[in-house]
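# Remarks on the overall topology
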Amino acid sequence: MVNWQDDRIGSAINGTNPMIMSEMPGGFAAFGDTQFLPGYSVLLPKREVASLNDLTISERTLFLTDMSLLGDAVLQATGAIRINYDILGNTDNFLHAHVFPRYQSEPSERLKKPVWLYSPDHWFDERYAYAPDRDGKLRAQITELLKSAIK
């Protein structure tokens with residue numbers, strides 16, 4: 001059996017991705033594996049494609065709308081000062097949109113720059129990994145806000 005982390009979209013589709021918060025019209029909202037910025041989330045598409053350009057116009061519209069709705073939910077749940085959105089595909093060659101809350105509490109030199117400039121330990125160190133006891137309440141809040149948004 002394939003590990004859900006090796007097939008995030010396939011596991012979202014078949015219901016085995018434990019990070020999924022909500023299925024939305026254009027994708028699956030997932031809570032981030034790393035939480036150095038609490039509330040970090042990812043939107044996965046409903047089918048595996050390499051980039052946004054590989055979706056039909058109607059699929060793109062749904063995906064991008066869902067990305068903004070996920071951002072609204074993260075913003076409301078976290079009280080962040082803004083949301084950064086990123087669709088890159090440079091490392092993982094499948095479409096996914098990063099939704100990063102940005103906080104006034106971040107050092108000012110970091111707040112003015114992309115999240116990707118945080119040191120690599122922020123992405124891989126266990127102290128930043130999703131922990132249900134620490135992050136579960138925020139994840140539940142975002143999930144509830146998403147459910148309200150897609151009714």
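One structure accompanies this document, and this report is about it.

### Comments concerning the overall build of the protein
Counting secondary structure elements, the protein contains five helices and five strands. Starting at the N terminus and ending at the C terminus, the protein contains elements arranged as α-β-β-β-α-β-β-α-α-α. Against the 2.2 N^0.38 benchmark of 15 Å for 151 residues, the protein shows a C-alpha radius of gyration of 15 Å, consistent with a compact globule. Referenced to the eigenvectors of the C-alpha coordinate spread, the extents of the protein come out at roughly 40 × 35 × 30 Å.

### Focus on the packing of aromatic side chains
If you walk through the whole model with that rule in mind, you get nine aromatic pairs. Judged by centre distance (5.4 Å) and plane angle (85°), the rings of Phe 100 and Trp 116 are edge-to-face. Highlighted residues: Phe 100 in strand 5 (residues 97-102) and Trp 116 in the loop between helix 3 (108-111) and helix 4 (121-124), separated in sequence by 16 residues. The class for Trp 116 is partly exposed, based on a relative accessible area of 32%. Ring centres of Trp 116 and Trp 123 lie 4.8 Å apart, and the angle between their planes is 15°; on these two criteria the pair is classed as stacked.

### A look at the pairing of strand 3 (residues 41-45)
For strand 3, a buried count of five out of five residues is recorded, marking the element as mostly surrounded by other parts of the structure. Every second residue of strand 3 is oriented toward a common face, with Ser 41, Leu 43 and Pro 45 on one face and Val 42 and Leu 44 on the other, all of them buried. In terms of strand pairing, strand 2 (residues 27-31) meets strand 3 through five bridges, oriented antiparallel. Note that in strand 3 the partner of Ala 29 across the bridge is Leu 43. In the sheet, strand 3 pairs with strand 5 via three bridges, with the strands oriented antiparallel. Across the sheet, residue Ser 41 finds its bridge partner in strand 5, namely Val 99.

Definitions and cut-offs
Residues numbered from 1 in each chain as written. Predicted model: local features only at pLDDT ≥ 70, side-chain atom pairs only at ≥ 80, totals over all residues. Heavy atoms only, no water. Helix = DSSP H or I, 4+ residues; strand = E, 2+ residues; numbered from the N terminus. Rg over C-alpha atoms; globule rule 2.2 N^0.38 Å. Phe/Tyr/Trp six-rings, centres within 6.5 Å; stacked < 30°, edge-to-face > 60°. Buried < 20%, exposed > 50% of the residue type's maximum accessible area, 1.4 Å probe, protein only. Pairing = 2+ DSSP bridges.

It is worth stressing that arrangement in space is one thing and function is another; only the former is reported here.
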